[in-house]
Amino acid sequence: MSSVLGAPPRATRLSALAIEGAFAVAAAARALEQQGREVIHLELGQPDFPSPPHAIAAGIGALEADDAKYTAPAGIPELREALVAYARGRGIPATLGNVVVTSAAKPMLQYALLLTVNPGDEVLIPSPGFPIYPSAVRLAGGTERYYGIRLTDGRWTVSWDEIESLITPRTRAIMLNSPHNPTGWTATADDMVRIGLLAEQHNLWVISDEIYSGLAYDYADGIAPSAAAVPGLLDRTIIIDGFSKRWSMTGWRLGFGIVPESLWEDLVALVINNTSCAPPFIQRGGVAAVAGSQDVVHALRRSLHERRDRFVAGLNSVPGVHCALPSGAFYAFADIRELLARTGLDTQTFQSKLLQEFGVAGCPGTDFGTIGDGFIRFSFATAAPKLDRGVELLNAAAKAFGA
Ligand code: PMP
């Protein structure tokens, strides 16, 4: 049946939504592959390691045992207990009353904003930063205010004075992401104390996305400090975390929140309204991943560490490219401003030509905010020969584009 009026109007809130540019680059890269072209995939934030074998076995075993019915909305007790032990291992004084299992970190990110932000409230978020942050703030009715993560003497830094200067009576929360996507900046324990002081002084929530926390290269165990480990801060801190990165389980879509007890019931209500629960067999895989052998995690981190050193050195050997060593996560946020000045290209045109003409898929820095102009993000969570080939092709592209 066709109507003379056409479809009803779409909701206005949709204009608040951003998307993750990496998925668009991945689609363009796949289209090239379908034409038979070779593509070096450095666009998506996805480790090339398989899921831990004990997680796979537990997931399959659970499905075979028909563990495929609704669970308690907050998650199965075994997984919540394993996550409490995990959080305690990071110095977070969590109990079961702080932990909720979610269907990946992304929904938990949206829940964090829905839990804390009223229309008109302001939230401080990093720039460059994960593009879903401004989206999530706006969908919750809030307004984003950006603080910079900037290159100072070849290192990524955050200015606490800048953050403090952005706080107004409308500010409700500070969002942190450490280790940080896309720069790899990693907050020290002292930084977390600084944030805690600001949050206490101005009565703010701290929303801390710690999805890359097992992948911090300056720490022997790879574990970056948590905001919720600062004494007293768990009461005003929401941790967003998940299985995608350090357990290499992106497609399982399993995550969790560690929240103040005062928000726990409301968070469970959000889960009930959205997904009812995470799939039980997926949660069983999660229990095995957290509570079982961490050999795979350590092997992944060691491998990423080696790949980081090799890839960043490679990038820095390309004339006009400068890349600071990321302290965590698995992205090289390369400064190509010199290259752009020599070639007369802008960031997006360079990224697009690099993909279309040389088959190297990276994300334009502008996907991560205006401070990202002049940068390109490459994920180094892929095998060393591919990283080497990526550098070789980048070099060839720089020459061909006239650098
Ligand atoms: N936060 C950050 C900073 C990320 O980079 C990502 C994944 N790209 C996520 C959250 C989302 O993780 P998940 O796969 O658990 O939704």
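Everything numeric here is computed off the predicted structure, so don't read it as measured data.

*Asks:* Looking at this model, I keep getting lost on the overall build of the protein chain. Mind explaining?
*Replies:* Looking only at helices and strands, the protein chain features 13 helices and 13 strands. Rg of the C-alpha trace for the protein chain: 21 Å, near the compact-globule value of 22 Å for 403 residues, within the 12% margin. Taken along the three principal axes of its C-alpha coordinates, the protein chain extends 65 × 60 × 55 Å. Taking all 403 residues of the protein chain together, the buried fraction comes to 56%.

*Asks:* Explain the sheet that holds strand 10 (residues 331-335) to me, please; I cannot follow it from the model alone.
*Replies:* The strands making up a sheet associate through hydrogen bonds between their backbones, and the pairing can be parallel or antiparallel. Reading across the sheet, the 3 strands line up as 10-13-12 and stay open at both edges, with antiparallel pairing between neighbours. This sheet does not close on itself; its edge strands, each paired only once, are strand 10 and strand 12 (363-364). With respect to the sheet, helix 12 (residues 347-358) is in contact with strand 12 and strand 13 (375-379), its orientation differing from that of strand 13 by roughly 40°.

*Asks:* What is the right way to look at the sheet that holds strand 9 (residues 255-258) in this model?
*Replies:* Here 8 strands make up an open sheet; going across it, the order is 2-9-8-7-6-3-4-5 and the pairing mixed. Each having just a single partner strand, strand 2 (99-102) and strand 5 (155-158) make up the two edges of the open sheet. Within the sheet, the average angular offset between the axes of one strand and its neighbour, ignoring direction, is 25°. Strands in contact with helix 3 (residues 77-89) are strand 2, strand 8 (237-242) and strand 9; relative to strand 2, the strand with the most contacts, it is inclined by about 120°. Lying on the sheet, helix 5 (residues 132-139) is in contact with strand 3 (122-127), strand 4 (143-152), strand 6 (171-177) and strand 7 (205-209); it crosses strand 4 at an angle near 160°.

*Asks:* Explanation requested: a nonpolar patch on the surface in the structure shown.
*Replies:* There is a patch of nonpolar side chains on the surface, built from Leu14, Leu17 and Leu139 and spanning about 230 Å² of accessible area. Counting through the fold element by element, Leu14 comes out in the segment before helix 1 (21-34).

*Asks:* Looking at this structure, how should I read the domain arrangement of the protein chain?
*Replies:* Quite often, the size of an interface is put as the accessible area lost when its parts meet. Taken domain by domain, the protein chain holds domain 1 (12-50 + 296-400) and domain 2 (53-291). Taking the mean C-alpha position of each, domain 1 and domain 2 sit 25 Å from one another. Each partner contributes residues to the interface: domain 1 has 37 residues there, and domain 2 has 39 residues. Carbon and sulfur atoms supply 61% of the area buried between domain 1 and domain 2, which totals about 3100 Å² over both sides. Linking domain 1 with domain 2 are 1 salt bridge. In this structure, the salt-bridge partner of Glu20 is Lys106, at a minimum N-O distance of 2.6 Å. Connecting domain 1 to domain 2 are 16 residue pairs in polar contact (both at pLDDT 80 or more). Where the side of domain 1 that touches domain 2 is concerned, the elements lending two or more residues are helix 10 (295-316), strand 10 and strand 13. Counting residues per element, the side of domain 1 that touches domain 2 draws most heavily on helix 10, which supplies 7 residues. When its residues are assigned to classes, the side of domain 1 that touches domain 2 shows 22 nonpolar, 7 polar and 8 charged.

*Asks:* Can you walk me through empty space enclosed by the protein in this structure?
*Replies:* Where empty space is left becomes clear once a probe the size of a water molecule has been rolled over the atoms. Under the counting rule described, the total for this entry stands at 1 cavity of 30 Å³ or more. What the largest cavity holds in volume is close to 30 Å³. Its residues assigned to classes, the lining of the largest cavity comprises 4 nonpolar, 1 polar and 3 charged.

*Asks:* Looking at this structure, how should I read the site of the ligand?
*Replies:* As a matter of local geometry, the ligand sits amid 14 residues, with Ala105, Asp209, Tyr212, Ser244 and Arg253 nearest to it. Within the contact set of the ligand, a nitrogen atom lies 2.6 Å away from a side-chain nitrogen or oxygen of Asp209. One nitrogen or oxygen atom from the side chain of Tyr212 is found 2.6 Å from an oxygen atom belonging to the ligand. In a pocket analysis with a 2 Å cut-off to the grid points, the ligand is assigned to the largest pocket. A per-class count over the shell around the ligand returns 6 nonpolar, 3 polar and 5 charged.

*Asks:* Sorry if this is basic, but what is going on with the packing of helix 3 against helix 9 (residues 280-291) here?
*Replies:* Describing two packed helices takes the angle between their axes plus the distance from one axis to the other. It is at 9 Å that the axes of helix 3 and helix 9 come closest, and there the two elements cross at 25°. With respect to helix 9, the axis of helix 3 lies roughly parallel. Considering how the two elements wind past one another, helix 3 and helix 9 form a crossing that is left-handed. Residues Glu78, Leu79, Ala82, Leu83 and Tyr86 of helix 3 pack against Gln283, Arg284, Gly286, Val287, Val290 and Ala291 of helix 9.

*Asks:* Help me understand the environment of Val137, please; the structure alone is not making it clear to me.
*Replies:* Checked against the element boundaries, Val137 lands in helix 5. Val137 gets classed as buried once you look at its relative accessible area, which sits at 0%. Residues Val137 and Lys353 lie 216 residues apart in sequence; the distance between their C-alpha atoms is 33 Å. Beyond its immediate sequence surroundings of up to four residues, Val137 is in contact with Leu113, Val123, Ile125, Gly142, Thr143 and Glu144.

*Asks:* Whenever I open this one, the pairing of strand 9 confuses me. Can you help?
*Replies:* Each regular strand carries side chains that alternate between the two faces of the sheet. Side-chain alternation along strand 9 places Gly255 and Gly257 on one buried face and Phe256 and Ile258 on a second face that is also buried. In this structure, strand 2 lies alongside strand 9, joined through 4 bridges in antiparallel fashion. By the bridge assignment for strand 9, Val99 is matched with Ile258. Pairing of strand 8 with strand 9, which is carried by 4 bridges, proceeds in the antiparallel orientation. If you follow Gly242 over to strand 9, its bridge partner there is Gly255.

*Asks:* Just checking my understanding: could you explain the layout of surface pockets for this structure?
*Replies:* What the largest pocket holds in volume is close to 460 Å³. Here the lining of the largest pocket takes 3 residues from helix 4 (residues 105-116), the largest share from any one element. Taken together, the residues that form the lining of the largest pocket break down as 10 nonpolar, 7 polar and 6 charged. Residue contributions to the lining of the largest pocket reach at least three from each of two domains, namely domain 1 (12-50 + 296-400) and domain 2 (53-291).

What counts and how
- Residues numbered from 1 in each chain as written.
- Predicted model: local features only at pLDDT ≥ 70, side-chain atom pairs only at ≥ 80, totals over all residues.
- Heavy atoms only, no water.
- Helix = DSSP H or I, 4+ residues; strand = E, 2+ residues; numbered from the N terminus.
- Rg over C-alpha atoms; globule rule 2.2 N^0.38 Å.
- Buried < 20%, exposed > 50% of the residue type's maximum accessible area, 1.4 Å probe, protein only.
- Pairing = 2+ DSSP bridges.
- Contact = heavy atoms within 4.5 Å.
- Axes fitted to C-alpha atoms, helices over the stretch in contact; angles between N-to-C directions.
- Patch = residues over 30% accessible without salt bridge, like charges linked within 9 Å, V, L, I, M, F, W, Y side chains within 5 Å.
- Areas by Shrake-Rupley, 256 points an atom, 1.4 Å probe, with all protein chains shown as cover.
- Salt bridge = Lys/Arg side-chain N within 4 Å of Asp/Glu carboxyl O.
- Domains from an automatic or database assignment.
- Buried area = accessible area lost by both parts, 1.4 Å probe.
- Polar contact = N/O pair within 3.5 Å; in protein donor to acceptor, adjacent residues only side chain to side chain.
- Nonpolar A, V, L, I, M, F, W, Y, C, P; charged D, E, K, R; others polar.
- 1 Å grid on protein atoms, 1.4 Å probe; cavity = no way out; pocket = protein on both sides within 12 Å on 5 of 7 lines; lining within 4 Å.
- Points joined across faces, edges and corners; volume = space filled by probe spheres on them.
- Near = heavy atom within 4 Å.
- Sits in = over half its atoms within 2 Å of the grid points.
- Parallel < 35°, antiparallel > 145°, perpendicular 65-115°, else oblique.
- Left-handed = near helix turned anticlockwise from the far one by under 90°.

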